[in-house]
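Examining the three-dimensional arrangement
Chain by chain, the residues run as shown.
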Amino acid sequence: MLSLAPVALSFTAPVAPLAAVRTPAPEMFFSGSKAAAPKKAAKKPVKKAAKAAKRGGGKDYAKISTRRTAGSFVDVTGKPYVEVDTFVPQFDEIGVLPPIGRWDPLQIREQGPERYRRFVEMEIKHGRLAMAAFLGVITTYSGIRWPGYLSLAEGIKFSDLPGGAIASWAALPTSAWLQIVLFISFLEVYALKQDPEKDPGDVVPEGVAWARYPDGYDVWLGDGSTKQVGEDELFLGKTWKLNAERNNGRAAMMGITGMLIHEGLTGNPIFPIGETL
């Protein structure tokens, strides 16, 4: 027992306090110790220190870890580096609305203004066609048809066509397909051609007595008076209407896509409502 006393004393001897960690001279682009890591990596020892301090007896370790990871990043200009969130919602144009703001995962905007404008024009055009298609399916599927014959040569009446988009397209004769394609092509190339000098979606030719949401117009109020509606009016103004048109077009594109999927799977475009006509 006596022979083990020196060994026991050697283990119970007081330990010298830890020496203070000195920060070396600033290095290129970073001032701090060589052991310091980028911000993300520097957070780990501090978290461990906090956990150790929570358990008790970890105060010294927390102080040393914090001191060891202390440092400051600087950019190439010598100024302190500030980490900035690159996603900043912007609402500086028609169609860019809260809460998402500008959302461009394909980075089309960065490919140039001409290409970006082309996609804006296509979105408006597809939205209008989708709104017409959605309304057409709802109308025909409810049983409403044009009177008379669709094709006298084939003996097909409008009432003979089914209500679904896929079914009605399949029931059309080939000559009707060609007429529809030629008519849409004429509108696209001549009648409703987009003028690059006008706003996207403004395809009405000059001289036509129709305007796409005029900048100012009068509305009748309940008391018999009139009110001038400006472009930036919160409700019924041009900006509000253009945003509503864009959002309704987006919703209609999703709606007609769902109708096509439902009709292809079940034969009913408004599944599970209604019966197949």
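This one's a predicted model, so the numbers in the text were calculated from it and none came from an experiment.

1. Focus: the UniProt feature "binding site: chlorophyll b" (unreviewed entry) in the chain
In the UniProt entry, the feature "binding site: chlorophyll b" (unreviewed entry) is given for Arg128. Looking at the element boundaries, Arg128 is found in helix H4 (residues 113-141). Note on Arg128: relative accessible area 27%, which makes it partly exposed. Other than its neighbours up to four places away in sequence, Arg128 contacts Gly201, Val203, Arg212 and Glu245.

2. A word on empty space enclosed by the protein
This model, assessed by the stated rule, comprises one cavity of 30 Å³ or more. A volume near 50 Å³ is recorded for the largest cavity. Residue lining of the largest cavity: Glu123, Ile124, Gly127, Arg128, Met131, Glu245, Arg246, Gly249 and Arg250, and that is the complete set. Residue assignment for the lining of the largest cavity shows that the elements contributing at least two residues are H4 and helix H7 (238-266). Broken down by element, the lining of the largest cavity gets its largest block of residues, five residues, from H4.

3. Here's the deal with the layout of surface pockets
Here the largest pocket is characterised by a volume of approximately 1800 Å³. Taken together, 49 residues form the lining of the largest pocket, with Leu129, Ala132, Ile180, Phe183 and Ile184 sitting closest to its centre. Mapped by element, the contributors of at least two residues to the lining of the largest pocket are H4, strand E3 (149-151), helix H5 (165-171) and helix H6 (174-191). The element that contributes the greatest number of residues to the lining of the largest pocket is H4, accounting for 16 residues. Taken as a whole, the second largest pocket holds about 720 Å³ of empty space. Around the second largest pocket, the lining is made up of 26 residues, and of these Trp103, Asp104, Tyr116, Glu123 and Arg250 lie nearest the centre. Going through the elements one at a time, H4 and H7 are the ones with two or more residues in the lining of the second largest pocket.

4. What about the nonpolar core?
In terms of nonpolar packing, the biggest core is built from five residues, these being Ala130, Val137, Ala252, Ile256 and Met259. Within the residue set of this core, elements represented by two or more residues are H4 and H7. No other element matches H7, which puts three residues into this core. Aside from chain neighbours lying at most four places away, what touches Ala130 is Gly249, Ala252, Met253 and Ile256.

5. Some thoughts on the UniProt feature "binding site: chlorophyll a" (unreviewed entry) in the chain
Under the local residue numbering, the UniProt record ascribes the feature "binding site: chlorophyll a" (unreviewed entry) to Trp103, Glu123 and His126. Taken from the residues named earlier, the lining of the largest cavity is made up of Glu123. You can see Trp103 is positioned in the loop between strand E2 (71-73) and H4. Assignment of secondary structure puts His126 in helix H4. In this structure His126 comes out as partly exposed when scored by relative accessible area, which is 41%.

Rules of the game
Residues numbered from 1 in each chain as written. Predicted model: local features only at pLDDT ≥ 70, side-chain atom pairs only at ≥ 80, totals over all residues. Heavy atoms only, no water. UniProt positions renumbered as here; feature names shortened; annotations may be inferred. Helix = DSSP H or I, 4+ residues; strand = E, 2+ residues; numbered from the N terminus. Buried < 20%, exposed > 50% of the residue type's maximum accessible area, 1.4 Å probe, protein only. Contact = heavy atoms within 4.5 Å. 1 Å grid on protein atoms, 1.4 Å probe; cavity = no way out; pocket = protein on both sides within 12 Å on 5 of 7 lines; lining within 4 Å. Points joined across faces, edges and corners; volume = space filled by probe spheres on them. Core = buried A, V, L, I, M, F, W, Y, C linked by side-chain atoms within 4.5 Å.

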